[in-house]
Amino acid sequence: MKFVAQHDQMDCGPACLSMIAGFYGRKYSLKYLRDHSFLTREGVSLAGISEAAQTIGMEAVSAQLTLDVLATMPLPCVLHWNKNHFVVLHKIVRRPFSSTPVYKIADPGYGMITLSEEDFKKSWFSDGNTGVALILEPLPEFYSFSIPAPEVNLSLGQLVGYLRPYKKQVWFMFLLLFSGSVITFALPFLTQNLIDKGVHGKDLNLISLILLAQLGLFLGTLFIGVIRNWLMLYVGAKINITIISDYLRKLLKLPVRFFETKMMGDFNQRIQDHERIEIFLTSQSLLTIFSMLTFSAFMGVLWYYNYKILSVYLFLTILSVLWSYSFLRRRRILDYYRFQRRSENQESIYEIINGVTEMKLSQLEDFKRSNWEKIQRKLFKINIRILKLDQLQSSVFDLINQVKNIIVTFLSATYVVKGHMTLGELLSVSFIIGQMNAPVNQLVSFFRSLQDAKLSLERLNEIQLHQEEEQPFLSPVSLGGIFMKDVSFRYGSSTSPLVLKNINLNIPYGKTTAIVGASGSGKTTLMKLLLKFYEPTSGAVFFDHLPLSSISPLDLRENCGVVMQDGFIFSDTIERNIIAGGELDPVRFRHAVRIANITDFIESLPLKANTKIGAAGNGISGGQKQRILIARAVYKNPHYFLLDEATSALDAENEKIIQDNLLSFFKGKTVVIIAHRLSTVKNADQIVVLKNGEIVEQGSHLQLVQRRSEYFSLVQNQLELGL
């Protein structure tokens, strides 16, 4: 069975399925299996893997099994591992002498491992003496389904393409490196003449001249190196900006659902990986080209001195390079593991820093620090595995090179003793061998750097395989009423519960609609559907009879002013947080802050609206944060206005002022309000009551109170109606 490593923290399920499909002769990309496994930030469920398996034509049956029953099941199968991971059990064998079973595991996050029965039980058993397994077998259609096009592997040309905008600088570096190679090429001949003609001829003038020439060549090499390093810094910085900018440009065009399958650490580690691409493009690639030119030139000189010495040297050099090259595949897999551990480390640090207040309140400091230490131990183990591999590779490589140097020196000394070479030629050959070893080491480093750069760029370019939410064939939003017809929605696989069930709703144009209900009733999800963050599982949403599926999300959101329950405050000035990405219109700005009742707060600050506030609203109160978010939405002056608990953090006085201000602002606009407070919703033209994802009541405030049903139950404490 061919091993498949998981690329991200949440990829273990799709990676297991990819291995099993490959075992039966069908190769599916991780992206395709991810897209059908319903990944979330919490990972993938057994139900999600089952649905992905059924999508590719496999029968999937999950069960809680004992060890004896598992031994009778068809292999390979997927196992739920350590209660938070998935692995593939691909073989059970018995030891030749003791007949005790040994379990062969393919762990997408670690590699191929062999476990004793005792160790296997510790990781697999989840309830007494049983564990969860997903048994997978191919159906007839498994072999007839067409396999999606595989992910495109990056070529060397695509990497070098980043250098094209800097042709002049690259050619100048090329010239500098070539000059350095020419200087190096002259040194063995100077060494030979120094010994054979200067020392043996007892010519001090020639000795002085040669040594001065060597000093001049050294100074020239030094100057060339300084200029080259400056050019590399310039080109490297520009390439860094291009790579990360391309990544962010594409990333920000992806739908919201994509971000819910990734951890913050995955994004951070991908961006940090770009340094490996820069190193390859600006130093390794050019240095390797000239190292090979230098190697070829010295090879000609060595041929001139003695072709037998060259033959021995080339044979052992090729042997050492092939040895190093054979380790690249194992390094590639270990690189995936290191990426995951580093990603987990980034996520853990991010959580500790951002959650420090809650940690202190809940006394979680030791627990979170302990979790971080566990991640460090995992990272340490991966680094140990990488170190072992590198030591094995480099030790044998160095041994072959040392043997090569000894043999070549012995052959050269033999020729000197027999009178076939002069002492100067011997020293020249020794110098050449020393100079040729550097290009060989550079070639090995080039292979490693190329692999690292391709892996890093593949991770950055994984998002290029995802479809952007904005497409040229989509239409602008048609301004009018909003209609929802038989809309249902669920997060996750088809076995997950529906969050919204058969919603039929008419939101009239130019009117205010309030949506109320207990927590978890689906109110916020409904709003996210209206904003096209998600597509309905079934049914359709219309804007003035134009299906939401055919509407441009960019145009839709340009026409919507939105205050979300978890709205974000950026680390910027108050002014920039309100006007967002547009240009400042002083009249609109004053109007927005007046409606949001935040004028007094802004005026009390030393820098007024130019006061910078911290990321996520650090340094301001919850009420001030909400008022800035309201001002941001009002500043857009949109046709549609959507508020999700927009005044929940405000005191009664501020809430009343803002509500009164908003009533005049809402005139002629289509407004959807989600709220719990009666004061926020009682003036709405219609009120919709959600319960367990279904509409259970609909009408005006007065109508719903008179019915004394769900709405009445929600607000009776606020109204003090009693029973």
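Residues numbered from 1 in each chain as written. Predicted model: local features only at pLDDT ≥ 70, side-chain atom pairs only at ≥ 80, totals over all residues. Heavy atoms only, no water.

The element helix α17 (residues 523–530) is largely enclosed, with a buried count of seven among its eight residues. Considered for burial, the residues of α17 that qualify are Lys-523, Thr-525, Leu-526, Met-527, Lys-528, Leu-529 and Leu-530. In the segment just after α17, Lys-532 is the residue with positive phi, at about 65°. (Buried < 20%, exposed > 50% of the residue type's maximum accessible area, 1.4 Å probe, protein only. Helix = DSSP H or I, 4+ residues; strand = E, 2+ residues; numbered from the N terminus.)

On the secondary structure map, Asn-692 appears in the loop between β15 (686–691) and β16 (694–699). Each C-alpha atom of the pair Asn-692 and Phe-3 lies 44 Å from the other, and the pair is 689 residues apart in sequence. Not counting residues up to four positions away in its chain, the partners in contact with Asn-692 are Lys-501 and Ser-521. (Contact = heavy atoms within 4.5 Å.)

Attention now goes to unusual backbone geometry. Residue Pro-76 is reached from Leu-75 by a cis peptide bond, and omega for that bond is 10°. Examined against the element boundaries, Pro-76 turns out to sit in the loop between α4 (67–70) and β2 (77–81). Even without being a glycine, Asp-486 presents a positive backbone phi close to 50°. With respect to the helices and strands, the residue Asp-486 is situated in strand β7 (residues 482–489). When its relative accessible area of 38% is taken as the criterion, Asp-486 is described as partly exposed. Backbone geometry at Lys-608 places phi at a positive 55°, although glycine is not the residue there. Position of Lys-608 among the secondary structure elements: in the loop between α21 (599–603) and α22 (622–635). Classification of Lys-608 by relative accessible area gives partly exposed; the value is 34%.

Quick look at the domain arrangement of the protein now. The domain boundaries assigned to the protein delineate domain 1 (11–144), domain 2 (156–465) and domain 3 (482–721). Spacing between the C-alpha centres of domain 2 and domain 3 amounts to 55 Å. (Domains from an automatic or database assignment.)

One pass over the structure, following the stated rule, counts 18 aromatic pairs. With a centroid separation of 5.0 Å and an interplanar angle of 85°, the aromatic rings of Phe-142 and Tyr-143 are classed as edge-to-face. Relative to Tyr-640, the ring of Phe-543 has its centre 5.3 Å away and its plane inclined at 85°; by these criteria the two rings are edge-to-face. In this pair, Phe-543 is assigned in strand β10 (residues 538–543) and Tyr-640 in strand β13 (residues 640–644), connecting sequence segments 97 residues apart. Side by side, Phe-543 and Tyr-640 carry an identical accessibility label, which is buried. Through pairs of rings, three or more aromatic residues link up here, namely Trp-81, Tyr-103, Phe-120, Trp-124 and Phe-125. The ring of Phe-665 has Lys-669 sitting right over it, with the charged end atom 4.9 Å from the ring centre. (Phe/Tyr/Trp six-rings, centres within 6.5 Å; stacked < 30°, edge-to-face > 60°. Lys NZ or Arg CZ within 6 Å of the ring centre and 35° of its normal.)

What follows is about the pairing of β7. Bridging between β7 and strand β8 (residues 500–507) involves five bridges; their strand directions are antiparallel. The residue of β8 that forms the bridge with Val-487 is Ile-503. Relative to β10, β7 runs antiparallel, the two sharing five bridges. Residue pairing across strands places Ser-488 opposite Ser-538, the latter belonging to β10. (Pairing = 2+ DSSP bridges.)

Hydrogen bonding along the main chain pairs the strands of a sheet, whether they run parallel or antiparallel. A sheet is described by the order of its strands in space; here six strands give the open sequence β1-β6-β2-β3-β4-β5, paired in antiparallel fashion. At either margin of the open sheet sits one strand with a lone partner, and together these are β1 (58–66) and β5 (111–116). The average undirected angle you get between the axes of adjacent strands in this sheet is 35°. Where β2 and strand β3 (residues 85–94) come together, five bridges link them in antiparallel fashion. By the bridge assignment, Cys-77 is partnered in β3 with Leu-89. Across the face of the sheet, helix α3 (residues 46–55) comes into contact with β1, β3 and β6 (130–138) while running at roughly 150° to β1. (Axes fitted to C-alpha atoms, helices over the stretch in contact; angles between N-to-C directions.)

Here β10 pairs with strand β11 (residues 546–547) via two bridges, running antiparallel. Bridged to Phe-542 within β11 is Pro-547. Here β10 folds back onto β11 in antiparallel fashion, the turn holding two residues, of which Asp-544 has a positive phi close to 55°.

What follows deals with the packing of helix α12 (residues 307–325) against helix α15 (residues 365–417). Packing of α12 against α15 leaves a shortest axis separation of 9 Å and a crossing angle of 175°. The angle between the axes of α12 and α15 places the two elements in the roughly antiparallel class. Between α12, through Lys-308, Ile-309, Val-312, Tyr-313, Leu-316, Thr-317, Leu-319, Ser-320, Val-321, Trp-323 and Ser-324, and α15, the contact on the second element is made entirely by Leu-392, Gln-393, Val-396, Phe-397, Ile-400, Asn-401, Lys-404, Ile-407, Val-408, Leu-411, Ser-412 and Tyr-415. Residues that form the contact of α12 with α15 fall into these classes: 15 nonpolar, six polar and two charged. (Parallel < 35°, antiparallel > 145°, perpendicular 65-115°, else oblique. Nonpolar A, V, L, I, M, F, W, Y, C, P; charged D, E, K, R; others polar.)

Put simply, the protein has an average pLDDT of 83, and 93% of its residues get 70 or more. Mean pLDDT in the protein bottoms out at helix α6 (residues 156–160), which sits at 64, and peaks at β7, which reaches 94. (pLDDT = per-residue confidence, 0-100.)

Another aspect to go through is the environment of Ile-239. Within the secondary structure layout, Ile-239 lies in helix α8 (residues 204–251). Here the alpha-carbon distance between Ile-239 and Leu-293, two residues 54 residues apart in the chain, equals 26 Å.

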